[in-house]
Amino acid sequence: MSSTGLLIVSNIKQVGKSLRTIEKYVGKIYIHLNISAEKSQPLPVWGHLISQLYVDHNQLCSKNISLSILVGSLRDQGVNALHIKPVDMLFCDSHYPELCQRLLQHFEIPGQPIYLEQEENLSIGFDQENVSESNKMYDTVVLGGTFDRIHVGHKIFLTQAVIRCYRRLVVGITTNKMNKCKSSFHNHNIRYINLYNF
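All residue numbers here refer to positions counted from 1 along the written sequence of the relevant chain. A pLDDT threshold of at least 70 governs which residues receive local features in this predicted model, and a stricter bar of 80 or more applies before side-chain atom pairs are shown or counted, although totals over entire chains, interfaces and linings include all residues. Heavy atoms throughout the structure, all of them, feed into the side-chain values; hydrogens and water do not.

**Thoughts on the overall build of the protein chain**
Then step 1. Across its full length, the protein chain holds 6 helices and 7 strands.
Then step 2. To qualify as a helix, a DSSP run of H or I must reach at least 4 residues; to qualify as a strand, a run of E must reach at least 2; elements of each kind are numbered from the N terminus. When the elements of the protein chain are put in sequence order from the N terminus, they spell out β-α-β-α-β-α-β-α-β-β-α-β-α.
Then step 3. Split into buried and exposed, the 198 residues of the protein chain put 44% on the buried side.
Then step 4. Whether two residues touch is decided by their heavy atoms; if any such pair falls within 4.5 Å, the residues are in contact. A fraction of 71% describes how many contacts in the protein chain between residues 6 or more apart in sequence connect residues 24 or more apart. Note on classification: 1.4 Å probe, protein chains only; a residue is buried when its accessible area is under 20% of the maximum for its type, exposed when over 50%, partly exposed between these limits.

**What about the pairing of strand 3 (residues 66-70)?**
Then step 1. Of all the 5 residues making up strand 3, 4 are buried; the element is thus mostly covered by neighbouring parts of the structure.
Then step 2. Where strand 2 (residues 28-33) and strand 3 come together, 5 bridges link them in parallel fashion. Residue Tyr-30 lies in a different strand from strand 3, and its bridge partner there is Ser-68. What makes two strands pair is DSSP finding at least two bridges between them.

**Remarks on a nonpolar patch on the surface**
Then step 1. On the surface, a cluster of nonpolar side chains totalling about 380 Å² of accessible area is made up of Tyr-192, Ile-193 and Tyr-196.
Then step 2. The topology assignment puts Tyr-192 in helix 6 (residues 188-197).
Then step 3. Judged by relative accessible area, which is 46%, Tyr-192 ranks as partly exposed. Think of a patch as exposed residues, more than 30% relative accessible area, with no salt bridge, where like charges cluster within 9 Å and nonpolar side chains (Val, Leu, Ile, Met, Phe, Trp, Tyr) cluster within 5 Å. Using a 1.4 Å probe, accessible areas were evaluated by the Shrake-Rupley method; residue-level cover was limited to the displayed protein chains. Salt bridge, as used here: a side-chain nitrogen of Lys or Arg that lies within 4 Å of a carboxyl oxygen of Asp or Glu.

**Quick notes on unusual backbone geometry**
Then step 1. Its identity as a non-glycine residue notwithstanding, Glu-108 has a phi of 50°, on the positive side.
Then step 2. Tracing the sequence through the fold places Glu-108 in the loop between helix 4 (97-106) and strand 5 (114-115).
Then step 3. Of the residues examined, Glu-108 reaches a relative accessible area of 70% and is grouped as exposed.
Then step 4. Positive phi is not limited to glycine here, since Phe-147 has a value of about 50°.
Then step 5. Along the polypeptide, Phe-147 turns up in the loop between strand 6 (138-145) and helix 5 (152-163).
Then step 6. The class of Phe-147 is buried, set by a relative accessible area of 1%.

**Looking at the packing of helix 2 (residues 47-60) against helix 5**
Then step 1. The axes are straight lines fitted to the C-alpha atoms, using for helices just the contacting stretch, and the angles between their N-to-C directions are given from 0 to 180°. Relative to each other, helix 2 and helix 5 sit at 165°, their axes nearing to 9 Å. Viewed along their axes, helix 2 and helix 5 adopt a mutual orientation that is roughly antiparallel. In the crossing of helix 2 with helix 5, the sense of the turn from one axis to the other is right-handed. On helix 5, the residues touching Gly-47, His-48, Ile-50, Ser-51, Tyr-54 and Val-55 of helix 2 are Val-152, Lys-155, Ile-156, Thr-159, Gln-160 and Ile-163. Oblique is the label for any angle not covered by the other classes, which are roughly parallel (under 35 degrees), roughly antiparallel (over 145) and roughly perpendicular (65 to 115). Crossings are assigned a handedness: left-handed for a near helix turned anticlockwise from the far helix by less than a right angle, right-handed for a clockwise turn.

**What to know about the nonpolar core**
Then step 1. Only buried residues count toward a nonpolar core, which is a set of Ala, Val, Leu, Ile, Met, Phe, Trp, Tyr and Cys residues joined through side-chain atoms within 4.5 Å. By size, the foremost hydrophobic cluster in this structure holds 26 residues, and its most contacted members are Leu-7, Leu-19, Ile-29, Ile-31, Leu-33 and Phe-91.
Then step 2. Listing elements by their share of this core, those giving two or more residues are strand 1 (4-9), helix 1 (15-22), strand 2, helix 2, strand 3, strand 4 (89-92) and helix 5.
Then step 3. Those residues in contact with Leu-7 that lie beyond four places of it in its chain are Ser-18, Leu-19, Ile-22, Ile-29, Tyr-30, Ile-31, His-32, Phe-91, Cys-92, Asp-93 and Leu-116.
Then step 4. Counting residues in hydrophobic clusters, the runner-up holds 14 residues, among them Tyr-30, Leu-90, Leu-104 and Phe-107.

None of the figures reported here should be taken as evidence of function without further support.
Here you go:
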């Protein structure tokens, strides 16, 4: 199963059901949070939701599925902000034919979108009470690590950094020499490629 899918999520309460439905078709899934302009908030507000999706990923679907949440669309509210590897299948948890057509064309996805049946159509929202000082954004964000095997902690760490920077994100990767005390790690070039592909 080497297929890659793009899931448009408009109903966050049904994301587990959606992932379980499509997991038999794909090995990698990108999630695009379809947030309407009137519900748009500063990026850090969505940080908790995104982190929770990564944390709950193994309970929501098979551990064999690689999951990535696209944050570019949150920043620009548009399809052109999305940059991903080639996608084989497009899934949508609600009926949004115009958005699906734009994504099919933008990513040159073969075939037609697959609309998943949903019990109710609840759009993505946020809890206003959780908007706090921890949702600050910064001009530049700098972070570093070994990033030996990209796991859920790395995904949360990197995603939180991306949604909190206005202009520039700097990610440092430890050198092979710095990791000489660690056993079983990939060389610097492989870690760089894996991080870049995330």
